[in-house]
Amino acid sequence: MRDADILERISELGHELPPPPPPVASYVPVVRSGSLAFVAGQVAMVDDHPIHPGRLGATVSVEMGQEAAARAALQALSVLRDDLGGSLDRLARIVQVTV
């Protein structure tokens with residue numbers, strides 16, 4: 001995959017790749033093992049504050065949950081891109097996404 005193509009598609013979907021957020025706890029955001037990279041701990045954050053904290057269906061609407069999930073996914077791509085030297089050119093595929 002080409003980095004420019006990925007960024008273009010993200011833009012077409014109305015999103016922007018945020019800068020890689022600092023870890024919110026004591027963990028390593030990306031760990032590589034062979035040709036696999038594992039990204040962890042992506043809490044949907046804006047300006048170092050969680051967006052839409054709470055429980056889905058109680059204090060957080062489905063739309064708010066969707067926004068937070070999209071933000072967390074974009075942050076995961078951002079920290080992976082940073083770990084890969086500022087480009088997603090080496091990304092072949094995303095194997096698994098878990099919550």
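Keep in mind it's a predicted model, so treat the numbers as computed, not measured.

**Q** Sorry if this is basic, but what is going on with the side chain of Ser-87 here?
**A** Residue position: Ser-87 is located in the segment after α2 (62-83). Here Asp-89 takes part through its backbone nitrogen, which lies 3.1 Å from a polar atom of the side chain of Ser-87. Discounting residues that sit within four places of it in the chain, Ser-87 has contacts with Asp-3 and Arg-81.

**Q** What's the story with the pattern of salt bridges in this structure? I'm lost.
**A** A side chain of one charge can pair with a side chain of the opposite charge if their charged atoms are brought near each other. Applying the stated criterion across every chain yields a total of 4 salt bridges. With a shortest N-O distance of 2.8 Å, Arg-32 and Asp-83 are connected by a salt bridge. Placement of Arg-32 in strand β1 (residues 30-33) and of Asp-83 in helix α2 is noted, with a sequence separation of 51 residues between them.

**Q** Looking at this model, I keep getting lost on α2. Mind explaining?
**A** Each α-helix turn comprises 3.6 residues. Residues three or four places apart therefore point the same way. Taking 1.5 Å per residue, 22 residues should reach 32 Å; α2 reaches 31 Å between its end C-alpha atoms and fits that length. Regarding α2, the residues found buried are Ala-68, Ala-72, Leu-74, Gln-75, Leu-77, Ser-78, Val-79 and Leu-80. Packed against the buried residues of α2 are α1 (3-12), β1, β2 (36-39) and β3 (45-46). Remark: Gly-85 follows α2 within two positions and exhibits a positive phi of approximately 90°.

How each quantity is defined
Residues numbered from 1 in each chain as written. Predicted model: local features only at pLDDT ≥ 70, side-chain atom pairs only at ≥ 80, totals over all residues. Heavy atoms only, no water. Helix = DSSP H or I, 4+ residues; strand = E, 2+ residues; numbered from the N terminus. Polar contact = N/O pair within 3.5 Å; in protein donor to acceptor, adjacent residues only side chain to side chain. Contact = heavy atoms within 4.5 Å. Salt bridge = Lys/Arg side-chain N within 4 Å of Asp/Glu carboxyl O. Expected span 1.5 Å × (residues − 1). Buried < 20%, exposed > 50% of the residue type's maximum accessible area, 1.4 Å probe, protein only.

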